[in-house]
Amino acid sequence: MRGRISGVSHILAAILFVVLVAAAPGAACMEALAATNPINSVSIRITSKLEPGSHLPDIGLQGGAPSDGGITVRAGNSRYTVAEAEWAERSSSYTLEAASDPQMRVLLEPTDVGEDYFLASYRESDVNISGGTFVSARREGDNLLVTLRVRPVKGEFDPPKDAYWNEDNLGEARWEASENDSGYYQVKLYRDEKSVFTVDRTSSRSYNFYPYMTQAGSYTFEVRCIPGTDLQKQYGKNSEYVESGDLVITDRYVSDGKGRGGQALQGTTQSVGWVKDGDVWHYRYPNGSLCRDNWAQVDGLWYYFDSDGVMRTGWQNIGGQYYYLWPSGQMASGWSSIDGKWYYFRTEAEGNLPAGSMVSGGWRVIGPYYYYFNPDGSMYTGWLSYGGKWYYLNALQNSLEGVMFTGFFDRDGNTYYADDNGAMAEGWWQIDGNWRYFYPGSGQMARDTTVDSFYIDPEGIWRQ
């Protein structure tokens, strides 16, 4: 009788082992892989007729040629389709300029989810984008979210809005930027309609021509917007000139010619470096120009200045990437707590993703740990359902907050186990040679109870 019972026990143990092996994550993965076909490469086709000076239009899906000012996107393979497409630039006031290359997010879904599936990650060489360039790709459930940059907009820059003489500083030329503006200008000075001097390129919106007014006459200047960066030179063209009114210089007020060849200061009363104007800060270079539409590194820290030369603070979308600038203007870097939430900003450039840009949307390895970030960039904590499995991201406010746990851990009086990939254990698991049971759904480890007729002791172990 004892031998018979022992034999039955061995049979039950063998059946249990087969069931557990079949239910193991690796076995499930092997079965899934055998039943589906991986999509090893992805192709997206962008057709763009974006025009400088306009706002971002709605994105057409799976359509043909767009109308002027429009854009369409479609999948380059019948195994998947474009489910959604949106601009990464969230501001409705975003204005396209010549050489603008806005970011787009494209959500692809398998045509037959039971037949084809996307890989967990793709390299740039695996994603072919016609009409744009690859930024990143990550899987979201059965779908794939691809972030790309649209091919830069070709076009001519708009001329400056106005050109006039500064009444408070004799000989100082000034002009205003247009919406479709490169931030770089060429300026020519004339006396009685004859050319006197040309400033080939400046990023300032003013220039002191007085040192060149050495003869009496009627002076005018003309200014145009020109490409400054390599990207602008490739896709943007010079604007037309805008001409100023006349400035009459009599014999009494002609210049002695001192100060030619440079504009160290735009007038003797101006300061360089940090300059406060009311409630805002500017940064002026020794040539008198303000930092505009650009980053400036000052004493090893980065600051951003808008088209008016004003130092920005708070959240900023710059070139399709999100940054946070502290109230002092300094760019956030690394881990940063903002309004009670944690964010991570790249400490160095990653491919075409600049240092200081915010990490968002999905899993991320930082140091030795895994973290998960919400689409808005905030760090996720607590239980996470992802890809049909549960993960735990430490919710305690300590040095490991947000870290994905592996191995055994206790929460709220219960014990859980996460495998090496962080997935919560459910059902029967053999861990360090001992069989344990974790209730499906909750993941809590069973203690001092009977499961499937097998007794589990107070330590959570089935003692054979």
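Residues numbered from 1 in each chain as written. Predicted model: local features only at pLDDT ≥ 70, side-chain atom pairs only at ≥ 80, totals over all residues. Heavy atoms only, no water.

Asker: What exactly am I supposed to notice about the sheet that holds strand S10 (residues 143-150) here?
Answerer: The strands that make up a sheet are held in pairs by hydrogen bonds between backbone atoms, and each pair lies either parallel or antiparallel. Taken in spatial order, the four strands line up as S5-S6-S10-S9 in an open sheet, and their pairing is antiparallel. A single partner strand is all that each edge strand has here, and the edge strands are strand S5 (80-87) and strand S9 (132-140). Along the sheet, successive strands turn relative to each other by an average axial angle of 25 degrees, direction set aside. Bridge count between S9 and S10: eight bridges; the pairing is antiparallel. (Pairing = 2+ DSSP bridges. Helix = DSSP H or I, 4+ residues; strand = E, 2+ residues; numbered from the N terminus. Axes fitted to C-alpha atoms, helices over the stretch in contact; angles between N-to-C directions.)

Asker: Hey, could you run me through the packing of aromatic side chains in this one?
Answerer: Pairs of aromatic rings are described using the distance from one ring centre to the other and the angle between the two planes. Applying the stated criterion across every chain yields a total of 44 aromatic pairs. Ring plane angle 55 degrees and centroid distance 6.4 Å describe the contact between Trp-175 and Phe-221, whose orientation is recorded as tilted. Within this pair, whereas Trp-175 is found in strand S13 (residues 172-176), its partner Phe-221 is found in strand S17 (residues 217-225), the two being separated by 46 residues in sequence. Given the relative accessible area of 0%, Phe-221 is considered buried. Consider the rings of Trp-295 and Tyr-304, whose centres lie 5.2 Å apart with planes at 65 degrees: the pair is edge-to-face. Here Trp-295 and Tyr-304 have matching classes, each one buried. Through pairs of rings, three or more aromatic residues link up here, namely Trp-165, Trp-175, Tyr-185, Phe-197, Tyr-207, Phe-209, Tyr-212 and Phe-221. (Phe/Tyr/Trp six-rings, centres within 6.5 Å; stacked < 30°, edge-to-face > 60°. Buried < 20%, exposed > 50% of the residue type's maximum accessible area, 1.4 Å probe, protein only.)

Asker: Even after reading the chapter, I still don't get the pairing of strand S28 (residues 341-345), so can you show me in this structure?
Answerer: Regular strands place side chains that alternate from one sheet face to the opposite one. As defined by bridge partners, strand S27 (residues 334-338) adjoins S28 across five bridges and the pair is classed as antiparallel. The residue bridging Ser-336 from the neighbouring strand is Tyr-343, located in S28. Taking the residues between adjacent antiparallel strands as the criterion, S27 and S28 are bridged by two residues, where Asp-339 takes a positive phi near 55 degrees.

Asker: What is the right way to look at the nonpolar core in this model?
Answerer: Generally speaking, nonpolar side chains in soluble globular proteins are found buried as a group. Among the nonpolar cores identified, the biggest contains 29 residues, and Val-42 and Met-104 are the most heavily contacted of them. For this core, the secondary-structure elements that each account for two or more residues are strand S2 (42-48), strand S4 (71-75), S5, strand S6 (103-110), strand S8 (127-130), S9 and S10. Those residues within four positions of Val-42 in sequence are excluded, and the remaining contacts are Tyr-80, Leu-108, Phe-118, Tyr-122, Asp-126, Val-127, Asn-128 and Leu-144. Formed by 22 residues, the second largest nonpolar core is a distinct cluster that contains Phe-209, Tyr-212, Val-223 and Val-242. (Core = buried A, V, L, I, M, F, W, Y, C linked by side-chain atoms within 4.5 Å. Contact = heavy atoms within 4.5 Å.)

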